[in-house]
Each structure stands twice: as C-alpha cells, then as structure tokens.
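Below, each chain spelled out in residue letters.
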Protein chains: 4
Amino acid sequence: MIAVIQCKDQVGLVATISNVLAAEQLNITSLREHVDPIENRFFIRIEVDKEVPKAMLEAKLRSLLPPEAIVAVNPRTEKKIIVLVTREYHCLSDILVRHHFKTLGASVQHVIGNYPMLEDICQRFEVPFSHISHQDLPKEVFEQKIMDVLLNHQPDYIVLAKFMRILSPSFVTAFSSHIINIHHSFLPAFAGANPYRQAFERGVKLIGATAHFVTDQLDEGPIIAQQIIPVTHSFTAADMVKAGKEIETSVLARALRLVFDDRVLVYKNKTVVFE
Amino acid sequence: MIAVIQCKDQVGLVATISNVLAAEQLNITSLREHVDPIENRFFIRIEVDKEVPKAMLEAKLRSLLPPEAIVAVNPRTEKKIIVLVTREYHCLSDILVRHHFKTLGASVQHVIGNYPMLEDICQRFEVPFSHISHQDLPKEVFEQKIMDVLLNHQPDYIVLAKFMRILSPSFVTAFSSHIINIHHSFLPAFAGANPYRQAFERGVKLIGATAHFVTDQLDEGPIIAQQIIPVTHSFTAADMVKAGKEIETSVLARALRLVFDDRVLVYKNKTVVFE
Amino acid sequence: MIAVIQCKDQVGLVATISNVLAAEQLNITSLREHVDPIENRFFIRIEVDKEVPKAMLEAKLRSLLPPEAIVAVNPRTEKKIIVLVTREYHCLSDILVRHHFKTLGASVQHVIGNYPMLEDICQRFEVPFSHISHQDLPKEVFEQKIMDVLLNHQPDYIVLAKFMRILSPSFVTAFSSHIINIHHSFLPAFAGANPYRQAFERGVKLIGATAHFVTDQLDEGPIIAQQIIPVTHSFTAADMVKAGKEIETSVLARALRLVFDDRVLVYKNKTVVFE
Amino acid sequence: MIAVIQCKDQVGLVATISNVLAAEQLNITSLREHVDPIENRFFIRIEVDKEVPKAMLEAKLRSLLPPEAIVAVNPRTEKKIIVLVTREYHCLSDILVRHHFKTLGASVQHVIGNYPMLEDICQRFEVPFSHISHQDLPKEVFEQKIMDVLLNHQPDYIVLAKFMRILSPSFVTAFSSHIINIHHSFLPAFAGANPYRQAFERGVKLIGATAHFVTDQLDEGPIIAQQIIPVTHSFTAADMVKAGKEIETSVLARALRLVFDDRVLVYKNKTVVFE
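Just so you know, these numbers come straight off a predicted model, no measurement behind them.

Conventions and cut-offs
- Residues numbered from 1 in each chain as written.
- Chains lettered and ligands numbered in written order.
- Predicted model: local features only at pLDDT ≥ 70, side-chain atom pairs only at ≥ 80, totals over all residues.
- Heavy atoms only, no water.
- Helix = DSSP H or I, 4+ residues; strand = E, 2+ residues; numbered from the N terminus.
- Rg over C-alpha atoms; globule rule 2.2 N^0.38 Å.
- Buried < 20%, exposed > 50% of the residue type's maximum accessible area, 1.4 Å probe, protein only.
- Contact = heavy atoms within 4.5 Å.
- Areas by Shrake-Rupley, 256 points an atom, 1.4 Å probe, with all protein chains shown as cover.
- Lys, Arg positive; Asp, Glu negative; His and termini not counted.
- Charge placed at Lys NZ, Arg CZ, Asp CG, Glu CD.
- Buried area = accessible area lost by both parts, 1.4 Å probe.
- Salt bridge = Lys/Arg side-chain N within 4 Å of Asp/Glu carboxyl O.
- Nonpolar A, V, L, I, M, F, W, Y, C, P; charged D, E, K, R; others polar.
- Axes fitted to C-alpha atoms, helices over the stretch in contact; angles between N-to-C directions.
- Parallel < 35°, antiparallel > 145°, perpendicular 65-115°, else oblique.
- Left-handed = near helix turned anticlockwise from the far one by under 90°.
- Phe/Tyr/Trp six-rings, centres within 6.5 Å; stacked < 30°, edge-to-face > 60°.
- Least-squares fit on C-alpha atoms with pLDDT ≥ 70 in both.
- Pairing = 2+ DSSP bridges.
- Right-handed = clockwise from strand over helix to strand, strands pointing away.
- Core = buried A, V, L, I, M, F, W, Y, C linked by side-chain atoms within 4.5 Å.
- Domains from an automatic or database assignment.
- Polar contact = N/O pair within 3.5 Å; in protein donor to acceptor, adjacent residues only side chain to side chain.

1. A few points about the overall build of chain A
Reasoning step 1: Across its full length, chain A holds eight helices and 13 strands.
Reasoning step 2: A compact globule built from 275 residues should have a C-alpha radius of gyration of about 19 Å, and chain A, at 20 Å, falls within 12% of that.
Reasoning step 3: In terms of overall dimensions, chain A has C-alpha extents of about 60 × 40 × 35 Å along its principal axes.
Reasoning step 4: A total of 275 residues make up chain A; the buried ones form 59% of that total.
Reasoning step 5: Intrachain contacts of chain A at a sequence separation of at least 6 include 65% that bridge at least 24 residues.
Reasoning step 6: Here chain A has roughly 10,900 Å² of accessible surface; of this, 52% comes from carbon and sulfur atoms.
Reasoning step 7: Taking the average location of the 29 positive side-chain charges in chain A and that of its 31 negative ones, the two points are 2 Å from each other.

Right, dumping it as structure tokens:
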C-alpha cells in the first residue's frame, strides 16, 4: 500500500503521519520526504507492508493534517489511460506492447488519433481506436469529440504519445495535472515546432526529449523526465529525427512508469519525483 | 543537522524517531528511509533545519531504539582524511584541489605514498606527505609504519587514491568500513591486476571504475559508486588506461562526496546510498 | 552504395581503393578506416553517392587487393533474419514492431521458439512462428530441427532474442559471425546464468547488457554493443530483472541497427564498429 | 603525423590525397572523412605511421587540391594556450594540473584574470598570471591590455575557463575559431546569464554544459562538446551551480583534448569532430 501526501510544511508532519501508520501496525518499507523551502511545501511518499481499508486510513490522516492537505492512500495499482496520437507509431507501439503483456502499470482503454493510420496497430492488440479528424472542424468541436470519449471512460491519465495538435486552455484545465505529453526536445531548448531541424541547424552534440504534464502554457508544464543521446556532425536532420524517436519512446516509458507508480507529485510548475 | 540510523527493522521506528525530533521542534527537511526485507534491516537518513546538542539527541534516540541500533547525530560536516597513493597523480590532485578550495567536504590531514614522486604536488598545496616505501620491508612492518601515521591523526576515513599495494586483513579490519578504494574497473568485471589490459583483450565497448569500501576480501567490499565510459575499437590498451583515469577521478570524487555527506550506510557486503 | 573491406595492412590500400572509386566517378560521402597495429589488419567502410554494378566493382577491388581480402560491395540494404526466442517478449516485440513499420533495416522471415507462448505476438504481426521444443530431445535433434528452418530461409543473420538454450559448437560454427545474441549482463561481469541475481548479491550500482556475436566459447564472442543503467540499494533482484529488460531491448536494437547498416566488421575475437 | 584538410567537395579527393601519402610510403593508420552534402564541403583527418617534412607534404597536397583548401600537416602535438578566468577555480585548476603533469596536450603560457584571486593557484604551478581588471576601464582599453599579453605569446588557442566578460566582436574576430569557451548550460537552453537559476525555476531534470568556439554572436558559436548530468527536485539553485561545475570541468577538458588532438574542424557555424 502506498500513501502520497502533500501540504503546507510544519514541524511534526512525519511524526503525525507515522504515528497513524504505527497505530495500524503498518511497517514502513520505503519512505521519501522532501520539503521545498521556497514554497514551504511538504511532500511525502510512503510504502507500507500491509493493506488496510483505504478510506479509513485516508480519513484518519486527513483529520490530523492541515485542511488543504492532498492525501492519496492506496492508489489503485493499475491506472486507466487514454492515448492520443497523430501519425507516428513509436511511442504508441511501445505503450501497446507493455499494455498487452501487462507490464505498463496501466490499462489502455482507448486510443484516439486525428489521423486514421494507427488504427491498424491498435486493432492488432485489440485496443479500441477512434479516428477523430481535426480537419475542417473548429477547435472546440474537435476537442468536444475527444472530450466525449474521455468522459465515457473516466481515465486516470491522458497520454499524448506524439499528438501533434495543441490543446486549448479550457481542455487542458479540465484535466489539470492529468495530461502527460512527450516533447521532442530537451526543453526548454527548441520549444515549439521542428526541434530536430533547429537542433541540426545549431549543430548541437546532444539531442533530448522531455516528458511533462500539460498546462495551458505550451511546452511549459511541470517536467517529469528528460533524457538525451549524443549526436555527431554526421547526423542529417532526418537522422536526428530517427534518433530522437528512440529517446522519445524511452523517456515517455520512464515517465509513465513513474507516474503510474505514484512517484510524481506536482506543485505549481514543478514535480517532485520520488524514484 | 543530520541523523543517520540503522537497526533491526520493526513497526513504528519512523514514528519513534520523528516523535523525538518533533518534541525538539526540529523540522525534517529531507528524509530517506529504506528497509532491506531480506536482512530485515532498517536504514534512515534525516536532515533537520536546526541544531540541538548532538549528545542529548543521540541519547534520546538510543534510549528508544533497539539496543544494537547504530545512531549518528550531527556528524561533523568536515571529515578528516588520510590519503594513500602510489605513483598516479590524477585522483590525488583532484582531492588536493578540492581540499585547497574547501569544496571537498573533508580536510586532508596527510598523504602517504609508497613512492616519493607525489610529494611535490602535496607540497604545492601545503599538505604533509610521508614517503613510506614498501621495498625491502616485510608487509607487517610496512603497514605498521602507515598505521603509526594514521593513529597520530585519527582520521575519519582513509582514501586509497590509486594505492597499488594490497593491505593485509588485520590492517583492513582495524579500519573496517573506513577505508575507501578506487578500483580501475567496473567490478566485478576484471577484478585483480591489469583490468585495462583485460578489457582491451576482451574488446569491451565500455570501461568503468568502482569506488568501494575495503574489506579483507580483495575487490569484494561494499560498492559505493560505479561509472562507465564508452570505448571503441580505436582505443589501444594505453588509451583505455588514459580514459580510465578520467572515470576513476570522477567516480572517486562522487563516492567521497556521498560518504562525507553521510549518505552512505554500510551493512554486510552492501551499501545503502541516500543520494 | 556501401563498400566494406578488410585485409592484411600495407601501404597504399586507401589509395588503391579510392582510385578505383574515383575512376568510376563515385564520390565518397563518408569514409572510416582503422588499422589494428597488433593484428596488422586493415578495415574500411566507404559510402559513395551513386550506384554501379556490385559484381563489377567487387571484382575490380579484389583484383587490386591482397588475395585474402574480404570485400563486400553494396550489401543489400534490407537483411533477412530469423529470430530465436524462449519465453520473454521484450526483445522480440521490439523487433516485430520495427519490422512491421519497416524501420528495422531487416525483414523477419521466421521466429522459432522453444516454448509456444510467443506465437501469439508473432501472429499479431503476421510473422511465421515455429514451436520447436527442446524437451525430451537430444540436443543434436533439437538443433537439426532449427537448422532445417534456417536452411529453408537462408537468412543473413540469426538473432537470439533471449533464447535461453546454449547452442552447440557445430551449430555455431555453421553460422560463424552471423548469430547475434543479447546477454543479460555487462560482460564479462556475471557471465553464465542468473546474472541479475549475482548483481543483486554483489550490490552493484550499475547493471548492463551486451550484444555480441556467438562463438563456440559461451559468452566470449565479439562484442558489438554494451550499455548500462544505474540501480540502487532499493532494487530487489526482480527489479533488476525488470530494469535489465529495458536495457536488453535497447542494446539489442542498437546492435542490430549497426550490423544491418554494415557498420560492424569482425576479426578474431573483436569487432570494429564504424558508427 | 596528422593531416587535417577541408575544401569544396569533388570526386577523387580521397584518391588524390592518399596517392600523395602512398608515394611517400606513409601508411594510413586511421582515417575519418565526412562530406557535408548541404554545404558541399569535404573534411578529412588522417593519421600516418611515419614523419616526413611538414612543409614538403603540405606543398604537395596543396598543389593537387582546390586552391581554397585548408591543409594542415603535422600540427605540433603540444599546443600553446592562454587561459582567461574570472573568479571560479574549477576549470582553471583542472587545466593547471594537466599542464603540470604534461597530459593536457598543450602548454599554458599565461593566465589572465579580471580578478586577482586565482593568481595564487597559478603561482603554485609556476604559471605566470596577470591581473587585468575590467573595472573603471572602457571595454576597448581592457581588451587591448589582454591583447597585448596575447600578442606577446602568439598562442594557438585562447581558453575562456569561466571568464565572465563578454568580448567585443573586434576582439573575437581577431582570433576567429581560436577562442574556446565553456558555457554553463546545455545550449541553446538557458543562453545568457544565470542559467542555473533559470534551470532551477523551470524544474528541469538534467543540466548541462557546452564547450564552443566563440564568435561575435554571443553563445552562438560552433559547438565542440556538450554533456549533461541528472538533477532532481531536491537540488537547490546552489546545488545546481555545484553540480554544474563538475560537468563544466569535464566538458571543457574533453573539448580541449579534442581540439589539441586536431580532431575538430570548423566550418561556418558548426564543427566536424573526428573522435
């Protein structure tokens, strides 16, 4: 069982929480705590060795913590997700394979593509796919169609696995801190479109990818994970795109594992990642 | 102030410890806990925001923890070290520079070399150097001479910065868990002598280095840190040695930082590293 | 068009080869050359900007090079491979996805499993699968059955994607330098069975994987690629296996890309990799 | 002996060059060639096994290559450098140690600081230091004083080892492609001042450093080498500065090794690095 809590910092929070757990005869097998001194914010993730009723333990913790505390006990181990894609297969395929072999830590309920070509790979893994084209549609109509699918499923997270449309602030706000995007650069370098072309023209020696929560500020949301790979003068812009796909797949997989394992806490524009 | 504790695991240890700290009005700013379920062993490192008398707090904690608990409160922030070297300058120079600019987290009290050539660099940084040759001496006499210097200084740690003599079990036991060695390979690959030659002949694509505590089992002590760098077919054995020196310097610096910052707990043949 | 050549070293080889290319009005767009001074061996890989008849160019080059020279001009860009598996899905799935989307640089002709459970994933990608059990069969009969499939397809390479049976020297010799294996450790550390268990017990801080050509010396063949990932005290042996699968998938994919792109030359127990 | 050449690309350049070398009975032990198809530019680096008179070989090569070819044969193996610093010791100390033990591949002729505090470490290694303050001086006077020292020494390269003043375009142009800077970020992310503060506020998970040639466009010069290290939520801005110093030292050392070993060719805003 896992408990994840954040609240305003004060003396005695760990004692308060651990006393509750000890009273339930729960043994803490792993504990990570962090205080952000600038924000005066307390973050904690605790793994214990036994199960007790989730609602009871949450209630006991909430009754002793500051009222604004965010307390989540025993989040279900398998999350539910919806994946949004455009045309590129690499991140989606990786997610589908892990889903299929039950190593994703989440269940893919549905895939939505604004182009039709990734329906085939979804069908091969018996995952429902909806083609919702953005063409000839006002943005609000396009997004409402996506929203209809989402509301039907009540997913824990929405994963943008190379979804190349910019979502409107109202959409993003509706799923605040629950939309995960993979951006094809080492943010904040090369924000915006065509980062590999920019990287090629700048002659960089590393390229990267960034997984982050989506906010209404494009490419500015809280970063979950980043990785890089070396490139050389011999890479064309197309080679950089190809190398980038490897790192995009890898960093998104890592970010999803961290999120689904309840290791990522969000506060304002940053994450606390208890790896 | 930092508290580092290890003991047999049981329910309620975090509560016990955090209650003591809360009673002293100490706010926990960072906490890492780990339980080794196979060894049934509890490890914790806590940073708090204020200072209270070390002896008082240690006594309070010990009185409430199992009798075999190892409790260290407020370890002095600047450790004292003795460095043993042979002929290679790279690790020693890095340590001396950081010592000189007070960024090592430790003070180098003395350097002992079984060859004389590194005396010069020590003198440049006004660090005392003793040349204690192993030649024509029985091992026990050689080691007794080293021991005499050590006992004179009562260092917290002995750092083998490319010291190419094997210390006897009795010497090692006398400073158990307090001797840190840099081994020029990614242990356990290429244990023993000439690891770069072995790596070259095997045609590996990565070489590494390992910083570990020394035990009476050669190259078998608890590992603190390891790093690797890529090599290619174009590397001669000499090139591998040269590349290896970079990684040796870097991994030893990292291990020392972790140890001096009280982030490394040792139990049996392993370390817990709270980075 | 790509030319890959190796032979005994002597003065003038680059001139000889580049004169032939210049006479054909071929412009060299990328050239890598390496001389192994210990083996007195010359290796070269040349990319040129146009196509000329393969047989003609090979014949011209051979006529001017030492008789023992190994000359391969314009190797077909899409290789043919057979994949051997046991029970683990991760490397196979990655290969199947890349094959399906035509980014593998090779075509998977057939998959052979000594257990039946990976047939399902092959069927999803319409790749033929044969279940050839090793149980109750003498090794030579088991291997003859595999051999029959191989001879039927004449693959360029055989990929052991977590195939957990040891092939006999006679089998290996029959496909010398054409069998690629992924080994679940950073060789030569933890050769043999259960490397993650060994790594866990040793308390290492990095684990790795090695892709290599198979020879009749178990785990001793020429290394193509190696990678590592950091692990910590918090990893159980099972966590190390899980982390290891990520790195196995990644390093095998990288090795295959290098081999299929004609960037790996083998001589004795080592590879020259022109990345 | 090493030959480094760049010129407009055309068919037959490798043949032309290798014929000259073969006629001199020079055996090529390592060759790297690259063609930039967009710029139609040819780059080559050749190591041969013997020495012949530099001027003779350069003349022969030039006579057969396009007139605009840049040909450098047998660059002296030990370069001469001047180091410019401000207040931070880490890059300078690393350079001084390598200089002292003759592993830098270059000789430090002089160090110039716009503050006085690094004179002490230079004196310890018997390297001349000039304190040239920028305070109360017009930029052109400040730079002229530096220029006077430079002209006195005729260095091959000027190394900005955490020199925190922006050099004027006229100064930079006078030493075009011969000034190497270490920038404290993974360019182009966080160009300009205070990159660690920017990185902290953005909540990145990696920080980096970039070694590049200086041009009159601030932070826009050709990149030689880049590296990154992971950071976490637990890093304060000060921790990021500290971690950044490690990576700055490392990446500058690597860039200098590459440049001093004649492995870096510059064309327009990019480098070709033959590692």
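2. A closer look at the interface of chain A and chain D
Reasoning step 1: Listed as interface residues are 32 residues of chain A and, on the opposing side, 32 residues of chain D.
Reasoning step 2: Together, the buried faces of chain A and chain D total about 2,700 Å²; carbon and sulfur atoms form 62% of this surface.
Reasoning step 3: When the buried area of chain A at its contact with chain D is split by residue, A:Arg202, A:Lys205 and A:His233 rank highest and sum to 28% of it.
Reasoning step 4: The interface formed by chain A and chain D includes two salt bridges.
Reasoning step 5: Of the charged contacts, one joins A:Arg202 and D:Glu220 as a salt bridge, the two residues approaching to 3.7 Å between their closest N and O atoms.
Reasoning step 6: It is strand E11 (residues 223–230) of chain A that contributes the most residues to the side of chain A that touches chain D, six residues altogether.
Reasoning step 7: Of the residues contributing to the side of chain A that touches chain D, the split by class is 16 nonpolar, nine polar and seven charged.

3. Details of the packing of helix H7 (residues 195–202) of chain C against helix H8 (residues 237–260) of chain C
Residue and element names in this part refer to chain C.
Reasoning step 1: Where H7 meets H8, the axes come as close as 9 Å, and the angle between the chain directions of the two elements is 125 degrees. By the angle between their directions, the pair H7 and H8 is classed as oblique. Pair H7 / H8 crosses with right-handed handedness. Along its contact with H7, which presents Tyr 196, Arg 197, Ala 199 and Phe 200, the element H8 presents Ala 237, Met 240, Val 241, Gly 244, Lys 245 and Glu 248.
Reasoning step 2: Partitioned by chemical class, the residues of the contact of H7 with H8 number six nonpolar, one polar and three charged.

4. Observations regarding the packing of aromatic side chains
Residues and elements named next belong to chain B.
Reasoning step 1: Overall, the coordinates contain 22 aromatic pairs over all chains when judged by the stated rule.
Reasoning step 2: Residues Phe 43 and Tyr 267 carry aromatic rings whose centres are separated by 6.2 Å and whose planes lie at 70 degrees to one another, so their mutual orientation is edge-to-face. Of the two residues, Phe 43 sits in strand E3 (residues 41–48) while Tyr 267 sits in strand E12 (residues 264–267), which places them 224 residues apart along the sequence.
Reasoning step 3: By relative accessible area, which is 2% here, Phe 43 ends up buried.
Reasoning step 4: Seen in terms of ring centroids, Phe 171 and Phe 175 are 5.5 Å apart; in terms of plane orientation they differ by 40 degrees. Their pairing is tilted. Each of the two residues, Phe 171 as well as Phe 175, counts as buried.

5. Some details on the relation of the copies chain C and chain B
Reasoning step 1: When chain C is fitted to chain B, the residual RMSD is 0.0 Å, and the transformation amounts to a turn of 180 degrees plus an axial shift of 0.0 Å. Between the two chains, the operation in question is that of a two-fold axis. Across chain C, the smallest distance between a C-alpha and the rotation axis is recorded for C:Ala189, namely 2.1 Å.
Reasoning step 2: A share of 100% of the interface residues of chain C reappears at the interface of chain B, consistent with the copies meeting face to face through the same patch.

6. Digging into the pairing of strand E5 (residues 79–85) of chain A
Residues and elements named next belong to chain A.
Reasoning step 1: Extensive coverage of E5 is indicated by the burial of six of its seven residues.
Reasoning step 2: As defined by bridge partners, E5 adjoins strand E6 (residues 106–113) across seven bridges and the pair is classed as parallel. Bridge assignment links Val 83 to a residue of E6, and that residue is Val 111.
Reasoning step 3: Between the parallel pair E5 and E6, the chain is carried across by helix H3 (residues 90–100), and the sense of this crossover is right-handed.

7. With respect to the pattern of salt bridges
Reasoning step 1: The tally for this structure, following the rule as stated, stands at 76 salt bridges over all chains.
Reasoning step 2: In this structure, D:Glu246 and B:Arg98 form a salt bridge, with 2.6 Å as the shortest nitrogen-oxygen distance. Within this pair, whereas D:Glu246 is found in helix H8 (residues 237–260), its partner B:Arg98 is found in helix H3 (residues 90–100), the two belonging to separate chains.
Reasoning step 3: When its relative accessible area of 39% is taken as the criterion, D:Glu246 is described as partly exposed.
Reasoning step 4: Each of A:Arg45, A:Glu47, A:Asp261 and A:Arg263 takes part in one network of salt bridges that share partners.

8. Some words on the relation of the copies chain A and chain D
Reasoning step 1: Expressed as a screw operation, the relation of chain A to chain D combines 0.0 Å of axial shift with a rotation of 180 degrees, fitting to an RMSD of 0.0 Å.
Reasoning step 2: With an isologous cut-off of 70% or more, the 100% of interface residues of chain A that recur at the interface of chain D puts this contact in the isologous class.

9. Some remarks on the sheet that holds strand E2 (residues 28–36) of chain D
Reasoning step 1: Here eight strands make up an open sheet; going across it, the order is E4(C)-E1(C)-E3(C)-E2(C)-E2(D)-E3(D)-E1(D)-E4(D) and the pairing antiparallel. Each edge of the open sheet carries a strand with a single partner, namely strand E4 (70–73) of chain C together with strand E4 (70–73) of chain D. On average, each strand axis in the sheet is tilted by 10 degrees relative to the strand beside it, whichever way the strands run.
Reasoning step 2: Relative to E2(D), strand E2 (residues 28–36) of chain C is paired through five bridges, and the arrangement is antiparallel. Bridge assignment links C:Ser30 to a residue of E2(D), and that residue is D:His34.
Reasoning step 3: This element, helix H2 (residues 54–64) of chain C, spans strand E1 (2–8) and E4 of chain C of the sheet and lies at about 155 degrees to E4(C).

10. Topic: the nonpolar core
Reasoning step 1: Ranked by size, the top nonpolar core spans 80 residues in total, and within it B:Ile81, B:Val83, B:Ile95, D:Ile81, D:Val83 and D:Ile95 carry the most contacts.
Reasoning step 2: Apart from the residues lying within four places of it in its own chain, the contact partners of D:Val83 are D:Leu92, D:Ile95, D:Val108, D:His110, D:Val111, D:Ile112, D:Val159 and D:Ala161.
Reasoning step 3: Grouped together as the second largest cluster of nonpolar side chains are 79 residues, A:Leu92, A:Leu104, C:Val111 and C:Val159 included.

11. So, the domain arrangement of chain A
Size of an interface, as often reported, equals the accessible area lost when the parts are brought together.
Residue and element names in this part refer to chain A.
Reasoning step 1: Segmenting chain A into domains produces domain 1 (2–73) and domain 2 (79–273).
Reasoning step 2: If you average the C-alpha positions of domain 1 and of domain 2, the two centres end up 31 Å apart.
Reasoning step 3: On the side of domain 2, nine residues touch domain 1, which itself brings 12 residues to the contact.
Reasoning step 4: Interface area, domain 1 with domain 2, both sides summed: about 880 Å², of which 60% is carbon and sulfur.
Reasoning step 5: It is Glu 39, Phe 43 and Arg 45 in domain 1 that bury the most area against domain 2; as a group they hold 47% of the surface buried on that side.
Reasoning step 6: The tally of links between domain 1 and domain 2 comes to two salt bridges.
Reasoning step 7: Run the count over domain 1 and domain 2 and you get five residue pairs in polar contact (both at pLDDT 80 or more).
Reasoning step 8: Per-element tally for the side of domain 1 that touches domain 2: the top contributor is strand E3 (residues 41–48), with five residues.

12. Thoughts on unusual backbone geometry
Reasoning step 1: Positive phi is not limited to glycine here, since A:Ser177 has a value of about 65 degrees.
Reasoning step 2: Tracing the backbone shows A:Ser177 in the loop between helix H6 (169–174) and strand E9 (179–183).
Reasoning step 3: For A:Ser177, a relative accessible area of 29% translates into the label partly exposed.
Reasoning step 4: Although it is not a glycine, D:Gln25 adopts a positive phi angle of roughly 60 degrees.
Reasoning step 5: Relative to the assigned elements, D:Gln25 resides in the loop between helix H1 (13–23) and E2.

13. A short note on the environment of C:Glu51
All names here are of chain C.
Reasoning step 1: Mapped onto the elements of the fold, Glu 51 is located in the loop between strand E3 (41–48) and H2.
Reasoning step 2: In this structure Glu 51 comes out as exposed when scored by relative accessible area, which is 56%.
Reasoning step 3: Measuring from C-alpha to C-alpha, the distance between Glu 51 and Phe 163 comes to 38 Å, with 112 residues separating the pair along the chain.
Reasoning step 4: Ignoring any residue separated from it by four or fewer positions in sequence, one finds Glu 51 in contact with Met 1 and Asn 74.
Reasoning step 5: Among the polar contacts listed, one links the side chain of Glu 51 to the backbone nitrogen of Met 1, at a separation of 3.4 Å.

14. Details of the interface of chain C and chain B
Reasoning step 1: Contacts between the two partners involve 32 residues from chain C, matched on the other side by 32 residues from chain B.
Reasoning step 2: Across the interface of chain C and chain B, roughly 2,700 Å² is buried in total on both sides, 63% from carbon and sulfur atoms.
Reasoning step 3: Looking only at chain C, the three residues that lose the most surface to chain B are C:Arg202, C:Lys205 and C:His233, adding up to 28% of its buried area.
Reasoning step 4: Linking chain C with chain B are two salt bridges.
Reasoning step 5: Run the count over chain C and chain B and you get 11 residue pairs in polar contact (both at pLDDT 80 or more).
Reasoning step 6: Contributions of two or more residues to the side of chain C that touches chain B are made by E2, H7, strand E11 (223–230) and strand E13 (270–273) of chain C.
Reasoning step 7: Here the element with the most residues in the side of chain C that touches chain B is E11(C); it accounts for six residues.
Reasoning step 8: Considered class by class, the residues forming the side of chain C that touches chain B number 16 nonpolar, nine polar and seven charged.

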